[in-house]
Amino acid sequence: RSLAPEYLDVLGELRALLRENPGAEALLLGALSDLTLRRRNDWRAGLELGLCNLRCYRLSQGLSELELAGRLAAEQGQGPDFTRELARADPSGRAARALGG
């Protein structure tokens, strides 16, 4: 039942709501974790999960998720899109430098 398409729609809506609320990172982290488990090839969700982990001071988990998202994007021929989205989300470049880029 939890794999029903409408469940994924609800997760997407929850993600959008939580994204706009400062202080809701822990809840967003849970929603994104669930979403990435169900959409394993969605590098954009993985990128968002990695950044959310970093905002929650979960450095190792965040970098691991970003690394996986970058690898998925590259496998899908969207490596430059990943790099661009990461730079947009983290203008300081700290995450990219931590990934070795």
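Residues numbered from 1 in each chain as written. Predicted model: local features only at pLDDT ≥ 70, side-chain atom pairs only at ≥ 80, totals over all residues. Heavy atoms only, no water.

## Examining the packing of helix 3 (residues 43–55) against helix 5 (residues 79–89)
Stated precisely, the cut-off is as follows: Every axis in this analysis is a line fitted to C-alpha atoms, fitted for helices over the stretch in contact. Angles between the N-to-C directions lie between 0 and 180 degrees. Per the convention used, a helix needs a DSSP run of H or I reaching at least four residues, while a strand needs a run of E reaching at least two, with both numbered from the N terminus. Working definition: roughly parallel below 35 degrees, roughly antiparallel above 145 degrees, roughly perpendicular at 65 to 115 degrees, and oblique for all remaining angles. Two helices that cross are described as forming a left-handed crossing if the nearer one is turned anticlockwise from the farther one by less than a right angle, and a right-handed crossing if clockwise. We call two residues in contact when some of their heavy atoms are within 4.5 Å. For this scheme, ten residues count as nonpolar: Ala, Val, Leu, Ile, Met, Phe, Trp, Tyr, Cys and Pro. Four count as charged, namely Asp, Glu, Lys and Arg, and the remainder, Gly too, count as polar.
Where helix 3 meets helix 5, the axes come as close as 11 Å, and the angle between the chain directions of the two elements is 30°. When the interaxial angle is binned, helix 3 and helix 5 end up roughly parallel. In this structure, helix 3 meets helix 5 at a crossing whose hand is right-handed. Of helix 5, the residues touching helix 3 (which contributes Trp43, Leu47 and Leu51) are Asp81, Phe82, Glu85, Leu86 and Ala89. For the contact of helix 3 with helix 5, a count of residues per class yields 6 nonpolar, no polar and 2 charged.

## Details of the nonpolar core
Our working rule: To define a nonpolar core, start from buried Ala, Val, Leu, Ile, Met, Phe, Trp, Tyr and Cys residues and group those joined through side-chain atoms within 4.5 Å. The buried label applies to any residue whose accessible area, calculated with a 1.4 Å probe on protein chains only, is under 20% of its type's maximum; exposed applies above 50%, and partly exposed to all values in between.
One finds Leu8, Leu11, Leu18, Ala24, Leu28, Leu29, Ala31, Leu32, Leu35, Ala45, Leu49 and Cys52 forming the largest nonpolar core, which totals 12 residues. Elements with a minimum of two residues in this core: helix 1 (5–19), helix 2 (25–38) and helix 3. Sort the elements by how many residues they give to this core and helix 2 lands first, with 5 residues. Look past the residues within four positions of Leu49 in its chain and what remains in contact with it is Leu29, Leu32, Ser33, Thr36 and Glu65. Within the second largest apolar cluster, 11 residues are counted, among which are Leu51, Leu66, Ala69 and Phe82.

## Quick look at the packing of aromatic side chains
Put simply, the rule is: Any two of the Phe, Tyr and Trp rings considered here, Trp counted by its six-membered ring, make a pair once their centres fall within 6.5 Å; the pair's planes then place it as stacked at under 30 degrees, edge-to-face at over 60, or tilted in between.
Under the definition given, this model contains 1 aromatic pair. Centre to centre, the rings of Trp43 and Phe82 are 6.0 Å apart; their planes meet at 70°, and the pair counts as edge-to-face. With Trp43 in helix 3 and Phe82 in helix 5, this pair connects stretches of sequence that are 39 residues apart.

## With respect to the pattern of salt bridges
Condition: By definition, a salt bridge exists where a carboxyl oxygen of Asp or Glu is found within 4 Å of a side-chain nitrogen of Lys or Arg.
Under the counting rule described, the total for this entry stands at 6 salt bridges. We note a salt bridge from Arg15 to Glu48, for which the minimum N-O separation is 2.7 Å. Residue Arg15 is located in helix 1, and its partner Glu48 is located in helix 3; the two are separated by 33 residues in the primary sequence. Under the relative-accessibility criterion, Arg15 is labelled buried at 14%. In the salt-bridge network here, residues are joined through shared partners; they are Arg15, Arg19 and Glu48.

## Some words on the layout of surface pockets
Inclusion rule: Buried and open spaces are told apart on a 1 Å grid over the protein atoms alone, a cavity being a set of points where a 1.4 Å probe fits but cannot get out and a pocket being an open set with protein on both sides within 12 Å along at least five of seven lines. Residues with an atom within 4 Å of a point are the lining residues. Grid points are joined across faces, edges and corners, and a volume is the space filled by probe spheres set on the points.
Of the pockets and cavities examined, the largest pocket occupies roughly 460 Å³. Contributing elements (two or more residues each) for the lining of the largest pocket: helix 1, helix 3, helix 5 and helix 6 (94–98). Top element by residues in the lining of the largest pocket is helix 3. It accounts for 6 residues. For the lining of the largest pocket, the per-class residue count stands at 6 nonpolar, no polar and 9 charged.

## Focus: the side chain of Arg15
Note the cut-off: Think of a polar contact as two N or O atoms within 3.5 Å of one another; within protein, one of them needs to be a possible hydrogen donor and the other a possible acceptor, and neighboring residues in sequence only count if both atoms come from side chains.
Within the local environment of Arg15, its side chain forms a polar contact with the side chain of Glu48, the two groups lying 2.7 Å apart. When near neighbours in sequence (up to four residues on either side) are disregarded, Arg15 contacts Leu28, Leu32, Leu35, Arg44, Ala45 and Glu48.

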